[in-house]
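# Structural characterization, general
One letter stands for each residue in the lines below.
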Amino acid sequence: MTIRIALPARQRSSVGTSTMAPAADKLKHLLLMLRSVQLIGAGMELRHLRYFVAVAEEGGFSRAARRLHVVQPTLSMQIADLENEFGGRLFDRGSRRTRLTPAGQAFLIEARRVLAQAERAQVAARLALRGETGAVRIGVAGAVVFGGILTARIRAFHEARPLVRIELREAGPETQRAAILAGELDVGFSALPAPLSEPRLTSAPASSVSFLVALPAGHVLAGHETLTAEHISGVDMVEYTIDDGPGDLVSDLSRLARLKLWPASSRFRADSTLGVLALVAAGVGVAVVPAGVHRAAVPNVVYRPLAEPGLTIDFHLLHRTTEAAPAVAAFLNTGEG
């Protein structure tokens, strides 16, 4: 890494050409530039700062050279380069011990700060490249959260990479797709796989979930230990939409499973799991919901298993086909192998 400590144009011309400007003035401007650590090409390098700090801390060139594993003439030449750049001495060379001048004392404070910042920058870069820092933005549906699919993966990922920031956003499949392509989300847990017509997206199966029937407490069907499609056909039902469109998740799955699951009306709709349960709790109807939703423990709602093996929903882990962010790639690989 090469650091050049550059003065602004107007200051560079006046300081660089005037033999009247004292070394302290040059140092003052130089320290201001050190605080911003401008990386602008050849010039002063981090090794100059390391050499200077070593001489200051060891109190002599020979001891500092041994510490740095360099020959003393090389070290002396590097320090001389620094002093030439400043236009003044940083050290008083004594017969027994090398001591800092006032300018050297001021420079030592800033040199240590720059070296510490450079070390932090290197550590930050290494962590980011290994996917140990950064962020993962995840689109979810309520059923995924309640079903434990998402939480198990996040738990494993967080234990392995505790410094990575995790953000959750509730969104349906279409919204997830658009947000991932726009760079607003990184991954999504979706009831729909990536469309074949969109090569920028891909998906992998995450889990398969069965269904329960959510009923208002005291509903006549609550007396059954298990319910079937026949039990709830013709009953007022809350429709569970999977996005902003007109479709109903359960109705679509019922048609695929060739079940006769026809509600008495379609007056009640919700596009989130909690919205569905709120309507059920209000007593307007029953709802077919993904298993695991019962963990929400909504008051005035009871659950019964739905004995229809053909009625399941597959959740997919949706993401960009090419993923450049190491933290996101690490999240996608969590649980594999």
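Please read these numbers as outputs of a predicted model, since none were measured by experiment.

### Observations concerning the overall build of the protein chain
Along the backbone of the protein chain there are 13 helices and 12 strands. Classification of the 337 residues of the protein chain by burial places 42% in the buried group. Pairs at least 24 apart in sequence give 74% of the contacts found in the protein chain among residues at least 6 apart. If you sum the accessible surface of the protein chain, you get close to 17600 Å²; carbon and sulfur atoms cover 54% of it.

### Some thoughts on the sheet that holds strand β6 (residues 201-209)
Spatially, 5 strands are ordered β4-β3-β5-β12-β6 in an open sheet, and the strand pairing comes out mixed. This sheet does not close on itself; its edge strands, each paired only once, are β4 (165-170) and β6. Looking at each pair of strands side by side, their axes are set apart by 20° on average, direction ignored. In the sheet, strand β3 (residues 135-140) pairs with strand β5 (residues 187-190) via 2 bridges, with the strands oriented parallel. Counterpart to Ile138 in the pairing with β5 is Val187. Most of the contacts of helix α9 (residues 173-181) go to β5, to which it runs at about 165°, and overall it touches β3, β4, β5, β6 and β12 (313-320).

### Remarks on the pairing of β3
Among the 6 residues of β3, 5 are classified as buried, and the element is accordingly described as predominantly covered. Two strands pair when backbone bridges link them, and β3 and β4 are joined in this way by 6 bridges, in the parallel orientation. Bridge pairing links Val136 to Ile166 in β4.

### Notes on the nonpolar core
Within the largest apolar cluster, 33 residues are counted, with the highest numbers of intra-cluster contacts made by Val136, Ile138, Val187, Phe189, Ile232 and Phe331. Contributions of two or more residues to this core are made by β3, α8 (149-160), β5, β7 (211-216), β12 and α13 (326-333). Aside from chain neighbours lying at most four places away, what touches Phe331 is Val136, Ile138, Arg153, Ile154, Phe157, Val187 and Phe189. Grouped together as the second largest cluster of nonpolar side chains are 24 residues, Tyr51, Ala64, Leu75 and Phe91 included.

### Side note on the pattern of salt bridges
Scanning the model with the defined rule gives 16 salt bridges in all. Residue Arg137 is joined to Asp186 by a salt bridge in which the shortest nitrogen-to-oxygen separation is 3.0 Å. Here Asp186 lies in the loop between α9 and β5 and Arg137 lies in strand β3, a separation of 49 residues in the sequence. The exposure class assigned to Arg137 is partly exposed, which follows from its relative accessible area of 24%.

### Things to note about the side chain of Glu83
In this fold, Glu83 is placed in helix α5 (residues 72-86). Side-chain polar atoms of Glu83 contact the side chain of Arg93, separated by 2.9 Å. Setting aside its immediate chain neighbours within four residues, Glu83 contacts Gly88, Arg89, Leu90, Phe91 and Arg93.

### Some words on the sheet that holds strand β10 (residues 287-290)
As summarised here, the arrangement of the 3 strands in space is β10-β7-β11, forming an open sheet in which the pairing is antiparallel. The sheet is open, and its two edges are formed by β10 and β11 (301-305), each paired on a single side. Recorded for the sheet is a direction-independent mean angle of 40° between the axes of neighbouring strands.

Calculation criteria
Residues numbered from 1 in each chain as written. Predicted model: local features only at pLDDT ≥ 70, side-chain atom pairs only at ≥ 80, totals over all residues. Heavy atoms only, no water. Helix = DSSP H or I, 4+ residues; strand = E, 2+ residues; numbered from the N terminus. Buried < 20%, exposed > 50% of the residue type's maximum accessible area, 1.4 Å probe, protein only. Contact = heavy atoms within 4.5 Å. Areas by Shrake-Rupley, 256 points an atom, 1.4 Å probe, with all protein chains shown as cover. Pairing = 2+ DSSP bridges. Axes fitted to C-alpha atoms, helices over the stretch in contact; angles between N-to-C directions. Core = buried A, V, L, I, M, F, W, Y, C linked by side-chain atoms within 4.5 Å. Salt bridge = Lys/Arg side-chain N within 4 Å of Asp/Glu carboxyl O. Polar contact = N/O pair within 3.5 Å; in protein donor to acceptor, adjacent residues only side chain to side chain.

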